[in-house]
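Survey of secondary and tertiary structure
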Amino acid sequence: MADKSNIVLIGMPGSGKSTVGVLLAKASGKGFVDTDLLIQSSTGCTLQQIVNTRGYEALRDEEERVLSSLAVSDHVIATGGSAVYSHRAMEHLGKDGVIVFLDVSLASIRQRIGDYSLRGISKRPDQTLDELFGERLALYQQYADLTVDGNGRTQQQVCDAILARLSQVQ
Ligand SMILES: Nc1ncnc2c1ncn2[C@@H]1O[C@H](COP(=O)(O)OP(=O)(O)O)[C@@H](O)[C@H]1O
Ligand SMILES: O=C(O)C1=C[C@@H](OP(=O)(O)O)[C@@H](O)[C@H](O)C1
Ligand SMILES: [Mg+2]
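What you see is a predicted model; the values in this text were computed from it and never measured.

Conventions and cut-offs
Residues numbered from 1 in each chain as written. Chains lettered and ligands numbered in written order. Predicted model: local features only at pLDDT ≥ 70, side-chain atom pairs only at ≥ 80, totals over all residues. Heavy atoms only, no water. Helix = DSSP H or I, 4+ residues; strand = E, 2+ residues; numbered from the N terminus. Rg over C-alpha atoms; globule rule 2.2 N^0.38 Å. Buried < 20%, exposed > 50% of the residue type's maximum accessible area, 1.4 Å probe, protein only. Contact = heavy atoms within 4.5 Å. Areas by Shrake-Rupley, 256 points an atom, 1.4 Å probe, with all protein chains shown as cover. Lys, Arg positive; Asp, Glu negative; His and termini not counted. Charge placed at Lys NZ, Arg CZ, Asp CG, Glu CD. 1 Å grid on protein atoms, 1.4 Å probe; cavity = no way out; pocket = protein on both sides within 12 Å on 5 of 7 lines; lining within 4 Å. Points joined across faces, edges and corners; volume = space filled by probe spheres on them. Nonpolar A, V, L, I, M, F, W, Y, C, P; charged D, E, K, R; others polar. Core = buried A, V, L, I, M, F, W, Y, C linked by side-chain atoms within 4.5 Å. UniProt positions renumbered as here; feature names shortened; annotations may be inferred. Near = heavy atom within 4 Å. Polar contact = N/O pair within 3.5 Å; in protein donor to acceptor, adjacent residues only side chain to side chain.

**Points about the overall build of the protein chain**
The secondary structure content of the protein chain amounts to 8 helices and 5 strands. Written out in order from the N terminus, the α and β elements of the protein chain read β-α-β-α-α-α-β-α-β-α-α-β-α. In summary, the protein chain has a C-alpha radius of gyration of 15 Å against a globular reference of 15 Å for 170 residues, a match within 12%. Per-residue burial over the protein chain gives 48% buried out of 170 residues. In the protein chain, the share of contacts with a sequence separation of at least 24, taken over all contacts with a separation of at least 6, comes to 73%. Put simply, the protein chain shows about 8000 Å² of open surface, and 49% of that area lies on carbon and sulfur atoms. Seen as two clouds, the 17 positive and the 20 negative side-chain charges of the protein chain have centres 2 Å apart.

**Looking at empty space enclosed by the protein**
Overall, the coordinates contain 1 cavity of 30 Å³ or more when judged by the stated rule. A volume near 40 Å³ is recorded for the largest cavity. Together, Met12, Ser15, Phe101, Leu102, Asp103, Val104, Ile109, Phe133, Arg136, Leu137 and Tyr140 line the largest cavity. Of all the elements in the fold, those that place two or more residues in the lining of the largest cavity are strand 4 (97-103) and helix 7 (129-143). With 4 residues, helix 7 is the largest single contributor of residues to the lining of the largest cavity. Of the residues contributing to the lining of the largest cavity, the split by class is 8 nonpolar, 1 polar and 2 charged.

**Here we look at the nonpolar core**
The nonpolar side chains of a soluble globular protein tend to be buried, and buried together. Counting residues in each nonpolar core, the largest one holds 26 residues, and the members touching the most others are Ile10, Met12, Val84, Met90 and Leu93. At the level of secondary structure, the elements contributing two or more residues to this core comprise strand 1 (6-10), helix 5 (87-95), strand 4, helix 6 (106-113) and helix 7. Looking at this core element by element, the count peaks at 6 residues for helix 7. Every residue in contact with Val84, bar those within four places of it in the chain, is listed here: Ile10, Met90, Leu139, Tyr140 and Tyr143.

**Here's the deal with the layout of surface pockets**
Empty space among the atoms can be located by rolling a probe the size of a water molecule over them. If you add up the space inside the largest pocket, you get close to 400 Å³. Looking at the largest pocket, it is lined by 25 residues, and the ones nearest its centre are Pro13, Lys17, Asp36, Gly81 and Arg119. Among the elements of the structure, helix 1 (17-28), helix 2 (35-43), helix 4 (56-68) and helix 6 are those that each provide at least two residues to the lining of the largest pocket.

**Section: the UniProt feature "binding site: Mg(2+)" (unreviewed entry) in the protein chain**
As recorded in UniProt, the feature "binding site: Mg(2+)" (unreviewed entry) lies at Ser18. As for its placement among the helices and strands, Ser18 is situated in helix 1. Ignoring sequence-local partners within four residues, the contact set of Ser18 consists of Phe32, Asp34 and Ala78.

**Describing the UniProt feature "binding site: substrate" (unreviewed entry) in the protein chain**
UniProt records the feature "binding site: substrate" (unreviewed entry) at Asp36, Arg60, Gly81 and Arg136, using the numbering of this structure. Considering only the residues just annotated, the largest cavity is lined by Arg136. Looking at the element boundaries, Gly81 is found in the loop between strand 3 (75-78) and helix 5. Note that Arg136 resides in helix 7. With near-sequence residues (within four places) excluded, Arg136 lies in contact with Met12, Pro13, Gly81, Ser82, Tyr85, Ile121 and Ser122.

**Here's the deal with the site of ligand 1**
By nearness alone, 13 residues border ligand 1, and Gly14, Lys17, Ser18, Thr19 and Arg153 come closest of all. At a separation of 2.9 Å, an oxygen atom of ligand 1 approaches a polar side-chain atom of Ser18. Residue Arg112 places a side-chain N or O atom 3.4 Å away from a nitrogen atom belonging to ligand 1. Within the complex, the protein chains bury 72% of what would otherwise be the 560 Å² of accessible surface of ligand 1.

**Description of the side chain of Ser15**
Within the secondary structure layout, Ser15 lies in the loop between strand 1 and helix 1. Polar side-chain contacts of Ser15 include one of 2.7 Å to the backbone oxygen of Met12. Setting aside residues up to four positions removed in sequence, Ser15 forms contacts with Leu102, Val104, Ile109 and Arg112.

If you want it as structure tokens, here you go:
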């Protein structure tokens, strides 16, 4: 993993990828990119608008397109929670990135994201958050090089825990 210059954050919406990602970039001197913002700027729509007008599968397609063509090095990459639905995208990100799963319990996720119907989550309309959590957990575990427990820790503590784990493997 020593030759991989990016840190790629994966995990459920609300697990802290975007906010911890910025702290990580500051602490490590790396650049930062949030792929949700790249999707928004390249489509000219918010994520919620994409889900509302074109459906959740269109959001997954846009996400796959953006992630698979991302060409950065020495960056922290905060992905969207649904990134793991694309094997092609995850393989691409894994080539020059250590993939870090921010593991946060469903109870904490609920507390943090509140009304998830307004958050542009890419899920089947009939799927509950519990069901989504179960489906996603297996995918996050499948793609993770490292798993960091995000429960009961401040964002800075999560950032420090990631850096400590990375220093052990790099
Ligand atoms: N370790 C933490 N403890 C408490 N709240 C957190 C923590 N990490 C993130 N949050 C909060 O949870 C919400 C979602 O965080 P965010 O970084 O946007 O997650 P993601 O990008 O994974 O969806 C934000 O309000 C953020 O401040
Ligand atoms: O998990 C999801 O289905 C999604 C999570 C969002 O990102 P965050 O994980 O940063 O909230 C964003 O990509 C999109 O709204 C879909
Ligand atoms: Mg985010």
